[in-house]
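Descriptive analysis of the structure
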Amino acid sequence: MNGAFAEVVVALPVQGRYHYRVPKHLAERVRVGARFLVPFGKRKVTAVIVRADVTPPDAIEPVDLEEALDDEPALSTELLDLCAWIADYYEAPLGEVVRAALPAGSSVSASEVIVLSDTGRAAIDGDGVALPTKERDLLARVAARKVRTAGLTKAARATLEALLERGLVERGERRANRVRLRRERTARLIVPLEQAREASARSPRRWAVLDALASGQTVLVEPLAAQLPHAKETLRALANAGLVELADREAPLEAFAAGEDLAPSTPPELTTEQAHAVAELTAALPALPALPALPAPADAPPPPAPFLLHGVTGSGKTEVYLRVIAEALARGKTALVLVPEISLTPQLAARFRARFGDQVAILHSGLRDTARLGEWSRLRRGEATIAVGARSAVFAPLDRLGVIVVDEEHDGSFKQDEGVKYQARDVALVRAQRAGALCVLGSATPSLETAAHAERGNYRKLVLTERPTSRPMPTVEVVDLRTWMPDGEAMLSAPLRAAIAETLAAGDQVILFLNRRGFATFVLCRACGHSFRCPQCSVSLTYHRRQDRLVCHYCGHKRPVPETCPKCHVKGSIERKGLGTEKVADTLAAEFPSARVARLDRDVASGAGVERILARVASREVNLLVGTQMVTKGHDFPGVTLVGVLCADTGLDLPDFRASERTFQLLAQVAGRAGRGERAGRVIVQTYRPDAPAVVAAAAHDYTQFFRSELAARAEIGYPPHGRLIAVRIDGKEEHDVAAMAARVAQAAEAIARRPDLGGVVEVRGPVPAPLERLRGRSRWQVWLRSADRHALRRVARATAAIEVPTGVRVGLDVDPISTM
């Protein structure tokens, strides 16, 4: 087959790799990791080169690469290899992984459109052109932009061909990309200055332009044209004479605006434990790379083992990160810092920028696509050397990676729950291992899996048991709600109400935690008992007073609250029951009128809204903050001396094997927000189950006690960290079809698991409906696979994924699931 070929992955959720012929004019642009626009079916999509100069299968019909989308490869070979590992481990299409690795909004697609020609426009305007009725009707649809070639019937296609032959319409192309990379023209002198002057016949215009190019450096044309009239025409003449080279390049996008400039911070004095941790971590950093970079010799030392930095809340883990990253930068390396929530990013980014300035780039979904692409571009060009961001920042385009930090590594939001279901913490571990970089997992409440790895010696463990200030950990008081009856409006017991009043009177701040949004968590008719549930999901609708709407927190469905019950038709019988953060905040504002109350939850805070609320708390403009788990995530407010947990039991009885672990982590983390300044902290935990292991351990600040008890409980059922899990999730519109497919999956898994070569090491559980049985209009079932043998587990899982699936039903694998919901 004639010509060179390249192997690509299309940035779509499809399996397989594809071969495209390389046109001669694009040959120099074909490099591994470069993005191209390619024909794919009836449209054009973004593809990434994974191998250049390959021999395609003989049977394929040659199709050309169409357009290069980048000056430099968008993905490095290291990142492409990481994508291939993710696709293999998480049983995901490689194209979907590559799409996740590219910056949001940067993919380009194109589809064919039919547009009016000048002749067609004249016909529409009525210039006397006689057309059959079908042709005139289709021409009118084209004029109204209502024609898509993909949806035309055979008869309509024939009519369209007639219009094309008459020259009334033309084929065009519609591009779709949310963020466009701006191009800029550059000029560079390519001969000695004196030679260029001699060839310019003493032309003042040419000499003025040549003087501007005299340094031999690349110069932007637009600023030069603003200074020198006729510069563009003069440059074209100089280029035609072979004296100047004109070129186009990708223009850098503006970096993310960080707000007010921060004064450079002075590193504080380290505690003994912090100094020991910094010394151990810097000793494990990779050495300064040789220049130019050479392949590692066969006897090169293995990458450093991961570290678990287990430090109590407020123990100064961030300062340890800063010191280690400073040393990595001094060795010519780059750094990646992952945080679980965008609500954490602004505060952490501010500390990093105060220490490292513009070397820090921010990557998270709260940014506009343009800003995020701008930060990504700074990293790719090497202008920024530290990436700070949430889950997707694990794909940051960093060369010479020296250290990866995963802060709050236990947090469940590191696990992607849609699309490619990867765990960013584990991907970070693999990326560090492949890059020969140091990986640091930090937490006050490590996940059981991470703690077990440290106990087995797979990870090196460093501990920070004290806070840098002289203050001890906050005292924790457990209030038994069976004895202290809370009120129904804000769920405040007498001890907590009194503590809030005392704290506010002392001029300090209060955080109250309730893991429920909204004003009333369920609405019912007191006459007949009818409750309002989401028509798409198996959940009650929550009433939000500010919107005056019933809202589903899963699919976003909204409806007004009716005055009359739709079932019994009794008017005025609708009651709002339960409580959420909105109701608590409103009640507290009325009960403590001098308090400055704010809420922090998904309803009021997203993107810049999070930053505004956190800034108001930091400046003490707010002294009473009510929130969901967003308030538990690593915030550092020295003025907070009281933390109240309104109900510690909300997550304990969820049908999930991690329910107790999550409850302990939430309680321990929110308790850690108190007493981080000069004044002692106090925590009040309200609960109906004061003897629950998670509550007892969190009240005692005793991680070890909880770890031991929960580890033993998991051992009895063989759940992580004592075994591995893969969830086969089946969903579809029709419940009967989904249940039948789930039964087939379970039968196939059982048949394979019983094979003699697998030795019965894989246990199949299910099929069962998911605890949240219906979501966004789709029924959901599950089959769970468990084994201590990872390879046997994958063989069974892959076999179930190979079963033919009926139309309207989806079957997906969730490797290392973190939730049964």
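That block above? That's the structure.
Now for a description of the structure that goes with this document. Keep in mind the model is a prediction, meaning the values are calculated, not measured. (Residues numbered from 1 in each chain as written. Predicted model: local features only at pLDDT ≥ 70, side-chain atom pairs only at ≥ 80, totals over all residues. Heavy atoms only, no water.)

Points about the sheet that holds strand β12 (residues 334-338)
Note the following rule: Should DSSP find at least two bridges between two strands, the strands are taken to pair. Helix and strand definitions follow DSSP, with helices as H or I runs of at least four residues and strands as E runs of at least two, each counted in order from the N terminus. Convention adopted: a line fitted to C-alpha atoms gives each axis, helices being fitted over their contacting stretch, and angles between N-to-C directions are expressed from 0 to 180 degrees. Two residues form a contact once any of their heavy atoms are found within 4.5 Å.
Reading across the sheet, the seven strands line up as β13-β14-β12-β15-β16-β11-β17 and stay open at both edges, with parallel pairing between neighbours. Two strands lie at the open edges of the sheet, namely β13 (360-363) and β17 (460-464), each paired on one side alone. Sheet twist, expressed as the average angle between the axes of neighbouring strands with direction ignored, equals 20°. By the bridge criterion, five bridges tie strand β15 (residues 401-407) to strand β16 (residues 438-443) in an arrangement that is parallel. For V406, the partnering residue across the bridge sits in β16 and is L441. Helix α14 (residues 424-435) rests against β12, β15 and β16 of the sheet, and its axis sits at about 165° to β15.

Side note on the sheet that holds strand β19 (residues 509-513)
The strand order β18-β28-β27-β19-β26-β25 describes an open sheet built from six strands, whose pairing is parallel. Single-partner strands in this sheet number two, and they are β18 (475-480) and β25 (597-600). Across this sheet, the average inter-strand angle for adjacent strands is 20°, counted without regard to direction. Of the strand pairs in this sheet, strand β27 (residues 640-645) and strand β28 (residues 682-687) are connected by four bridges, and their pairing is parallel. Along β28, the bridge assignment pairs L642 with R682. Contacts between helix α19 (residues 659-671) and the sheet are confined to β19, β27 and β28, with β27 contributing the most and set at about 155° to the helix.

Some remarks on the packing of helix α22 (residues 735-753) against helix α23 (residues 790-801)
Let me state the cut-off plainly: Crossing handedness follows the turn of the near helix against the far one: under a right angle anticlockwise gives a left-handed crossing, and clockwise gives a right-handed one. Throughout this entry, Asp, Glu, Lys and Arg are counted as charged residues, while Ala, Val, Leu, Ile, Met, Phe, Trp, Tyr, Cys and Pro are counted as nonpolar. The remaining residues, Gly among them, count as polar.
At a minimum axis separation of 9 Å, α22 and α23 run at an interaxial angle of 140°. Crossing of α22 over α23 shows right-handed handedness. Counting all contacts with α22, which are made through V745, A749, I752 and A753, the residues of α23 involved are V796, A799 and T800. Here the residues of the contact of α22 with α23 sort into six nonpolar, one polar and no charged.

Regarding empty space enclosed by the protein
The test is simple: Cavities and pockets were defined on a 1 Å grid built from protein atoms only: a cavity is a group of points that admits a 1.4 Å probe but offers it no way out, a pocket is an open group of points flanked by protein on both sides within 12 Å along at least five of seven lines, and a lining residue is one with an atom within 4 Å of any such point. Grid points are joined across faces, edges and corners, and a volume is the space filled by probe spheres set on the points.
What the rule picks out here adds up to three cavities of 30 Å³ or more. Computed from the structure, the largest cavity encloses a volume of approximately 50 Å³. As for the largest cavity, its lining consists of V476, L667, A671, V683, V685, V695, A698 and A699. Counting residues per element, the ones that place at least two in the lining of the largest cavity are α19, β28 and α20 (693-699). No other element matches α20, which puts three residues into the lining of the largest cavity. Split into classes, the residues belonging to the lining of the largest cavity amount to eight nonpolar, no polar and no charged.

Structural notes on unusual backbone geometry
Note the cut-off: Three exposure classes are used, based on accessible area relative to the maximum for each residue type with a 1.4 Å probe and protein chains only: buried under 20%, partly exposed in between, and exposed over 50%.
For the peptide bond that leads from P720 to P721, omega is 15°, which places it in the cis range. Summarising the element assignment, P721 is placed in the loop between α21 (703-717) and β29 (724-732). Along the chain, G766 connects to P767 via a cis peptide bond; the corresponding omega equals 15°. The backbone of E91 sits at a positive phi, close to 55°, despite the residue not being glycine. Overall, E91 belongs to the partly exposed group, its relative accessible area being 22%. Here H701, not a glycine, exhibits a phi torsion of approximately 50°, which is positive.

What to know about the environment of E455
Inspection of the secondary structure puts E455 in helix α15 (residues 448-456). A residue is classified by how much of its surface remains accessible, and E455, at 45% relative accessible area, is partly exposed. Not counting chain neighbours up to four residues away, the residues in contact with E455 comprise F707, R708 and L711.

Quick word on the side chain of D656
Here is the rule: Think of a polar contact as two N or O atoms within 3.5 Å of one another; within protein, one of them needs to be a possible hydrogen donor and the other a possible acceptor, and neighboring residues in sequence only count if both atoms come from side chains.
As for its placement among the helices and strands, D656 is situated in the loop between β27 and α19. A residue is classified by how much of its surface remains accessible, and D656, at 9% relative accessible area, is buried. Among the polar contacts listed, one links the side chain of D656 to the backbone nitrogen of T820, at a separation of 3.2 Å. If near-sequence neighbours (up to four positions away) are discounted, D656 is found in contact with R662, I818, S819, T820 and M821.

Some remarks on the side chain of E96
Using the following cut-off: As used throughout, the charge tally considers Lys and Arg to be positive and Asp and Glu to be negative, leaving His and the chain termini uncounted. By definition, a salt bridge exists where a carboxyl oxygen of Asp or Glu is found within 4 Å of a side-chain nitrogen of Lys or Arg.
For E96, the location among the structural elements is in helix α2 (residues 94-101). Notably, E96 is buried but unbridged: the nearest opposite-charge side chain belongs to R99, and the N-O separation is 4.2 Å. If we ignore the near neighbours within four places in the chain, the residues touching E96 are L12, P13, G419 and V420.

Some words on the packing of aromatic side chains
Worth spelling out the cut-off: Stacked, tilted and edge-to-face are the three classes assigned to paired rings of Phe, Tyr and Trp, where Trp is represented by its six-membered ring and a pair needs centres within 6.5 Å; plane angles under 30 degrees give stacked, over 60 edge-to-face, the rest tilted. Consider the ring centre and the ring normal. A charge sits over the ring if Lys NZ or Arg CZ is within 6 Å of that centre and within 35 degrees of that normal.
Counted by the stated rule, this structure contains 10 aromatic pairs. Judged by centre distance (4.8 Å) and plane angle (80°), the ring pair of Y89 and Y90 falls under edge-to-face. Accessibility assignment for this pair places Y89 and Y90 in one class, buried. Ring centres of F657 and Y719 lie 4.7 Å apart, and the angle between their planes is 80°; this geometry places the pair in the edge-to-face category. One end of the pair, F657, is in the loop between β27 and α19; the other, Y719, is in the loop between α21 and β29, with 62 residues separating them in the sequence. For F657, a relative accessible area of 14% translates into the label buried. On the basis of relative accessibility, which here comes to 12%, the residue Y719 falls in the buried class. Ring pairs connect the aromatic residues F664, Y703, F706 and F707, which therefore count as one cluster. One residue, R197, lies across the ring of W207, its end atom 4.9 Å from the ring centre.

Some remarks on the pattern of salt bridges
Per the stated rule, a full pass over the model turns up 50 salt bridges. We note a salt bridge from D731 to R778, for which the minimum N-O separation is 2.5 Å. One end of the pair, D731, is in strand β29; the other, R778, is in strand β31 (residues 778-787), and 47 residues separate them in sequence. Accessibility assignment for this pair places D731 and R778 in one class, buried. A salt bridge links R795 to D757; the nearest nitrogen and oxygen atoms lie 2.6 Å apart. Taken together, the positions of R795 in helix α23 and D757 in the loop between α22 and β30 (763-775) put the pair 38 residues apart, joining distant regions of the chain. Taken together, the shared-partner salt bridges in this structure form one network comprising E449, R658, E661, E710 and R714.

A few points about the pairing of β29
Among the nine residues in β29, eight count as buried, and that is most of the element. Examined bridge by bridge, β29 and β31 share nine bridges and lie antiparallel to one another. Across the sheet, the residue bridging to D731 is R780, located in β31. Pairing of β29 with strand β32 (residues 809-815), which is carried by seven bridges, proceeds in the antiparallel orientation. Bridging from a neighbouring strand, V728 pairs with L813 of β32.

Comments concerning helix α1 (residues 77-89)
Basically, it comes down to this: Here the expected length of a helix is defined as 1.5 Å per residue gap, with one fewer gap than residues.
With 13 residues, α1 should reach 18 Å at 1.5 Å per residue; the first-to-last C-alpha distance of 18 Å fits that figure. Those residues of α1 not exposed but buried are L79, L80, L82, C83, W85, I86, A87 and Y89. Structurally, α1 contributes buried residues whose contacts are with β4 (43-54), α2, α14, β29, α23 and β32. One or two residues past the end of α1 sits E91, with phi positive at roughly 55°.

Description of the nonpolar core
Quick note on the threshold: We call a set of buried Ala, Val, Leu, Ile, Met, Phe, Trp, Tyr and Cys residues a nonpolar core when their side-chain atoms join them within 4.5 Å.
The biggest cluster of nonpolar side chains holds 79 residues, and the ones touching the most others in it are I86, V98, L336, Y422, I730 and L785. No other element matches α22, which puts nine residues into this core. Filtering out sequence-adjacent residues up to four positions away, I86 remains in contact with E91, V97, F395, V420, Y422 and V427. One finds L600, L614, V695 and Y703 within the second-largest nonpolar core, a separate group that totals 38 residues.

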